[in-house]
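An overview of the molecular structure
One letter stands for each residue in the lines below.
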Amino acid sequence: MGLSGAIFEMIQRSAENRAALQGRRERAAQMRRRYVSQAPRVGEVAEKRIAPEELERIRAEIRLRERLERRRAVRRTLFLWIVLAVGVVGGMVFLLSRVGWSAMFR
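Now for a quick tour of the structure. (Residues numbered from 1 in each chain as written. Predicted model: local features only at pLDDT ≥ 70, side-chain atom pairs only at ≥ 80, totals over all residues. Heavy atoms only, no water.)

1. Some remarks on the pattern of salt bridges
- Under the definition given, this model contains five salt bridges.
- Arg13 is paired through a salt bridge with Glu9; the nearest N and O atoms lie 3.9 Å apart. Separated by four residues within a single helix, Arg13 and Glu9 lie in helix 1 (residues 3-38), roughly one turn from each other.
- With its nearest N and O atoms 3.1 Å apart, the salt bridge here joins Glu56 to Arg63.
- Each of the salt bridges in this network shares a partner with another, and the network as a whole consists of Glu54, Arg57, Glu61 and Arg65. (Salt bridge = Lys/Arg side-chain N within 4 Å of Asp/Glu carboxyl O. Helix = DSSP H or I, 4+ residues; strand = E, 2+ residues; numbered from the N terminus.)

What follows is the structure, encoded as structure tokens:
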């Protein structure tokens, strides 16, 4: 293929890319219009009507999840401290067994 063929292909690809870009821009604008028309205006609050019983049930679920999350965090921390303590004590026993127990009481 000569130089003119390569230039022609480059021009074709450029035109195809521009068309694809224009299509993506149009779809994005359409999506933006769709969601902006459904969103509340700036300063307004979208208020959902929730029954008081449903709201209390949701709050109870949130409190339960928070309580469980705190328990898990405490258990993890306690487990890590225990592993650390066992490691330190094990390391000390290992070092003392290598040096000798009598070196500790000198």
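2. Some details on a positive patch on the surface
- Taken together, Arg67, Arg70, Arg71, Arg72, Arg75 and Arg76 make up a surface patch of like positive charges.
- Inspection of the secondary structure puts Arg72 in helix 2 (residues 52-99). (Patch = residues over 30% accessible without salt bridge, like charges linked within 9 Å, V, L, I, M, F, W, Y side chains within 5 Å. Areas by Shrake-Rupley, 256 points an atom, 1.4 Å probe, with all protein chains shown as cover. Lys, Arg positive; Asp, Glu negative; His and termini not counted. Charge placed at Lys NZ, Arg CZ, Asp CG, Glu CD.)

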